[in-house]
Structures are given as C-alpha cells and as structure tokens.
Amino acid sequence: MADYAAETAAAMACLDDFMAAFNARDVKAFEATFNLPSVRLASNTLTIIESGYHQPQMFERGPLAEWDHSAWERREVIHAGADKVHIDTRFTRYRADGSVIGGFDSIYVVTCENGHWGVKARSSYAP
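Residues numbered from 1 in each chain as written. Predicted model: local features only at pLDDT ≥ 70, side-chain atom pairs only at ≥ 80, totals over all residues. Heavy atoms only, no water.

Caption draft 1: Region of interest: the pattern of salt bridges. One pass over the full model with this rule turns up six salt bridges. For arginine 74, the salt bridge identified is with aspartate 105, shortest N-O distance 3.0 Å. Separated by 31 residues along the polypeptide, arginine 74 in strand 3 (residues 69–80) and aspartate 105 in strand 5 (residues 100–113) bring together distant segments of the chain. Overall, the relative accessible area of 23% leaves arginine 74 in the partly exposed class. Judged by relative accessible area, aspartate 105 falls into the partly exposed class, the value being 31%. Linking arginine 90 and aspartate 105 is a salt bridge whose minimum nitrogen-to-oxygen distance equals 3.2 Å. Of the two residues, arginine 90 is situated in strand 4 (residues 84–94) and aspartate 105 in strand 5; the sequence distance between them amounts to 15 residues. Taking the relative accessible area as the measure of exposure, arginine 90 reaches 29% and is therefore partly exposed. By sharing partners, the salt bridges in this structure join Arg74, Asp88, Arg90 and Asp105 into a single network. (Salt bridge = Lys/Arg side-chain N within 4 Å of Asp/Glu carboxyl O. Helix = DSSP H or I, 4+ residues; strand = E, 2+ residues; numbered from the N terminus. Buried < 20%, exposed > 50% of the residue type's maximum accessible area, 1.4 Å probe, protein only.)

Caption draft 2: Highlighting a nonpolar patch on the surface. Together, Leu41, Leu46 and Ile48 line one region of the surface with nonpolar side chains, adding up to about 270 Å² of accessible area. Mapped onto the elements of the fold, leucine 41 is located in strand 1 (residues 34–42). Judged by relative accessible area, leucine 41 falls into the partly exposed class, the value being 38%. (Patch = residues over 30% accessible without salt bridge, like charges linked within 9 Å, V, L, I, M, F, W, Y side chains within 5 Å. Areas by Shrake-Rupley, 256 points an atom, 1.4 Å probe, with all protein chains shown as cover.)

Caption draft 3: Quick peek at the pairing of strand 6 (residues 116–124). As paired elements, strand 1 and strand 6 share four bridges and run parallel to each other. Looking at strand 6, one finds that arginine 40 is bridged to arginine 122. Pairing of strand 5 with strand 6 involves eight bridges; the strand directions are antiparallel. Across the sheet, the residue bridging to threonine 111 is glycine 118, located in strand 6. Here strand 5 hands over to strand 6 after two residues, with asparagine 114 in that stretch at a positive phi of 55°. (Pairing = 2+ DSSP bridges.)

Structure follows, in structure tokens:
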C-alpha cells in the first residue's frame, strides 16, 4: 500500500473533513465529503444517499438525539488503489458531558471521482 501513500492521505483527509463537518452540524460541508450517490448499510438497512438527503434536523432525533460529537478511535487502511481506499474504522459518539453513547466499528470506502475524494460507501454497526 506504500505505492498509494498519496491516495491514502487523500482518503484520510476526506474522513477528517467528514468528521469535522458532522461535528459542526454543517450539512453542506458534510455532504461535500461524499461522492454521490453514496451507500450506507447500518441497522440492517441499506440507504442510498443522494444530494439533499442530509438535513439539519437529523441531529435532533433518533440515535443522535443525545449526541454532541464523535471522534475516530481507529482508522486502518485495508486496501488502497489509485482511485479507491477501503478503511477499517471505529468511532465513538459522545454526549455534551463527555459520556460515551457508544463505539461503532465501520468500513468506509472512499473513492476519487473527477478529482474529488469522497465517501462512496460505508457499513457500520451504528444505529
């Protein structure tokens, strides 16, 4: 994978931006971290994410109702190539008081499309 160090760095930077935008509740910046359409498999449900799917109210209900921020706990490259990187991750969701809501293992597929690195697919154990 050393042959793809620049691609791996670009994919990791995408995930840095993904987490920063999510924590900032910046829907526009968050959507910019995807290559759409994107696929999410979680809670035994496959979701196809298109432009406009993410809305500000998503931070106020469901599994994010108590959520304040998240952080990466692990990001390890599984495979890397010229236009795609598979990353084994674990992230933790926190409440405002710092208490843990939960930690979730996930696989992210970050692709380069038309020069833009973005999340193309993810499969997680997060609700």
